[in-house]
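Inside the fold
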Amino acid sequence: MTTRLHRRQFLFLGMGSIATVLAGGAVVRSMQSSSRGSRPAGAARLSSSAGELELDLVAEARAGTIPGGPAKVLTYNGRSPGPLLEVNPGDRVLIHLQNRLNQPTNLHFHGLHIPPTGSADNVFLHVAPGGSTTYDFTIPSNHQAGLFYLHPHQHGVSADQVFGGLAGTLIVRGALDRIPEMAAASEHVLVLKDFASGSGNPGSAMGMGRMLGREGPLLTVNGALNPELSIASGGLLRLRLLNASNARIYRLALEGHTMQLIATDGGAIAKPELLEELLLAPGERADVLVQGNQRVGSYSLQALPSQPSGHMGMGAMGSPAGSGSTLATLRYSGAVKPLALPMALIPVPEMPAPERTRRFVMGHAMGGMGSHGMGMGFQINGASFDPNRIDTRVELGSTEDWVIVNNDVMDHPFHLHTNSFQIVNSSEQRPAPRAWKDTILLRAGQEATIRVSFQDFPGRTVYHCHNLDHEDLGLMGVLQIDGKPS
Ligand SMILES: [Cu+2]
């Protein structure tokens, strides 16, 4: 049975500013392919029509096609990454998930502000091998435009399944896309994911590899090695980046070019911010604009050597050594009348004052605390994940500051489900613009304060490390949001 949401859901995410942008002469990107009725299997992109997106999503292992890559890749509808879904605020989404894996699975809609319960973003739902279920939810009418991430969240095997290839993307269209300069840009979604080499064993890692979080040596973009992107001289390229890797942290730079940051995990920022390079931890997204203002030629999108903290000199297992790796190649092709950068994007409202502050300390303990008896248990505030225990109880409608402390020798990207947050304080030196985030990287020894309002949706949800091996080994807590939806 599925729960249907007939009610429109509302949340506070700066609607006043969206109305201002709409009044400014917007261009609506036209929607392609209709899904209603036809539900084409195997399509690379599926867009909603008439307020609904319905699709079958089949999770299964297929023969790998990455040169030098694993013999088997885990796919959605035969693809890794799976189809790109494109919806509008207010749309109903129906996903018929079929599990053709040999282990249970489920879906998490990373970053979406939808209920954590019923048949929506419910990570406590499990779909047995051979089984199926229907995810059925409505994108709130005032949801932020952004890039969101579908992936399995089956505790204990999340990392196996994500490292094996399961990932999907979902775009919510909105005011950001209607800003004329944005509408004029050409857009590419880039799913960054590392794969094991053919000789590696992608599934069920044990011991150290699992403790550090598995990284593979093959750095793919949308499942391909070094794909080509084209940009016109004078043109504007919008790159929508998702780190769908299990553990790898990317330090990205585009040869010969700067990037302009326009959106973070949960949506747009107020104005473009110049970036020389971009750090992207697992689960994080970034939207950048690139101007085609250099000499005609080819330029590489590079993954520069990251600086893992890891006191044991670890955290980059399987990383290419030395200088950067080329992830993709940007090639100039044609010319257009030079396009300008947008001057203003979407204001990010200041959050209400917090009603209380909590502290979350991430670390690990030796001695079989993990749910899989690996002799290693990751913990938050001294406890490994237990789905039957509520770790944190908050009131619907309240605002809190959470101090997240990484007391460990490894890096931990902290992710909160259901509600986006703002970073109010961090050990990073560089001041960051106010932004909507759902994942924040904490290097070993770092701490940060995030501010979150628990809006619209009561129920049980989770927060965890997005190094998914760490999550599977216990670095996750249960959040209960008490209250009645308004
Ligand atoms: Cu971690």
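Described below are features of the structure shown in this document. Just so it is clear, the structure is predicted and the values come from calculations on it, not from any experiment. (Residues numbered from 1 in each chain as written. Predicted model: local features only at pLDDT ≥ 70, side-chain atom pairs only at ≥ 80, totals over all residues. Heavy atoms only, no water.)

1. A look at the overall build of the protein chain
Helix and strand counts for the protein chain come out as 6 helices and 30 strands. Residue burial in the protein chain is summarised as follows: out of 486 residues, 59% are buried. Restricting to contacts in the protein chain with at least 6 residues of sequence separation, those with at least 24 account for 79%. Carbon and sulfur atoms make up 53% of the accessible area of the protein chain, which totals about 18100 Å². (Helix = DSSP H or I, 4+ residues; strand = E, 2+ residues; numbered from the N terminus. Buried < 20%, exposed > 50% of the residue type's maximum accessible area, 1.4 Å probe, protein only. Contact = heavy atoms within 4.5 Å. Areas by Shrake-Rupley, 256 points an atom, 1.4 Å probe, with all protein chains shown as cover.)

2. So, the side chain of glutamate 54
By the secondary structure assignment, glutamate 54 is in strand 2 (residues 52–63). Look at glutamate 54 and you get buried, because its relative accessible area is 18%. Looking at glutamate 54, its side chain comes within polar contact range of the side chain of histidine 96, at 2.7 Å. (Polar contact = N/O pair within 3.5 Å; in protein donor to acceptor, adjacent residues only side chain to side chain.)

3. Here we look at the side chain of aspartate 136
As for its placement among the helices and strands, aspartate 136 is situated in strand 7 (residues 132–138). Given a relative accessible area of 2%, aspartate 136 falls into the buried group. Polar side-chain contacts of aspartate 136 include one of 2.8 Å to the side chain of arginine 92.

4. Side note on the pattern of salt bridges
As enumerated under the stated definition, the model contains 32 salt bridges in all. As a salt-bridge pair, arginine 45 and glutamate 187 come within 3.8 Å of each other at their nearest N and O atoms. Of the two residues, arginine 45 sits in strand 1 (residues 45–47) while glutamate 187 sits in strand 10 (residues 186–195), which places them 142 residues apart along the sequence. Its relative accessible area of 33% is what places arginine 45 among the partly exposed residues. With a shortest N-O distance of 4.0 Å, aspartate 265 and arginine 285 are connected by a salt bridge. In this pair, aspartate 265 is assigned in the loop between strand 15 (259–264) and strand 16 (267–275) and arginine 285 in strand 18 (residues 285–291), connecting sequence segments 20 residues apart. Beyond isolated ion pairs, a larger network of salt bridges with shared partners links Arg45, Glu86, Arg173, Asp177, Glu187, Arg238, Arg240 and Asp287. (Salt bridge = Lys/Arg side-chain N within 4 Å of Asp/Glu carboxyl O.)

5. Re the environment of valine 424
Along the polypeptide, valine 424 turns up in strand 26 (residues 421–426). You can call valine 424 partly exposed: its relative accessible area is 38%. With 10 residues separating them along the chain, valine 424 and arginine 434 place their C-alpha atoms 8.3 Å apart. Other than its neighbours up to four places away in sequence, valine 424 contacts Asp401, Thr449, Ile450 and Arg451.

6. Focus on the nonpolar core
Ranked by internal contacts, the top residues of the largest apolar core, which has 42 residues, are Leu176, Leu192 and Leu327. Among the nonpolar cores identified, the runner-up in size contains 28 residues, and Ile95, Ala120, Tyr135 and Leu166 belong to it. (Core = buried A, V, L, I, M, F, W, Y, C linked by side-chain atoms within 4.5 Å.)

7. Considering the coordination of the copper ion
For the copper ion, the full set of protein donor atoms is His412 (ND1), Cys465 (SG) and His470 (ND1), at a range of 1.9 to 2.1 Å. Written as a sequence motif, the donor residues of the copper ion are H-x52-C-x4-H. Residue histidine 412 is located in strand 25 (residues 412–416), and its partner histidine 470 is located in helix 6 (residues 468–472); the two are separated by 58 residues in the primary sequence. Judged by its relative accessible area of 0%, histidine 412 falls in the buried class. Take histidine 470: its relative accessible area is 0%, and that puts it in the buried class. (Donors = N, O, S within 2.8 Å, 3.2 Å for Na, K, Ca; no water.)

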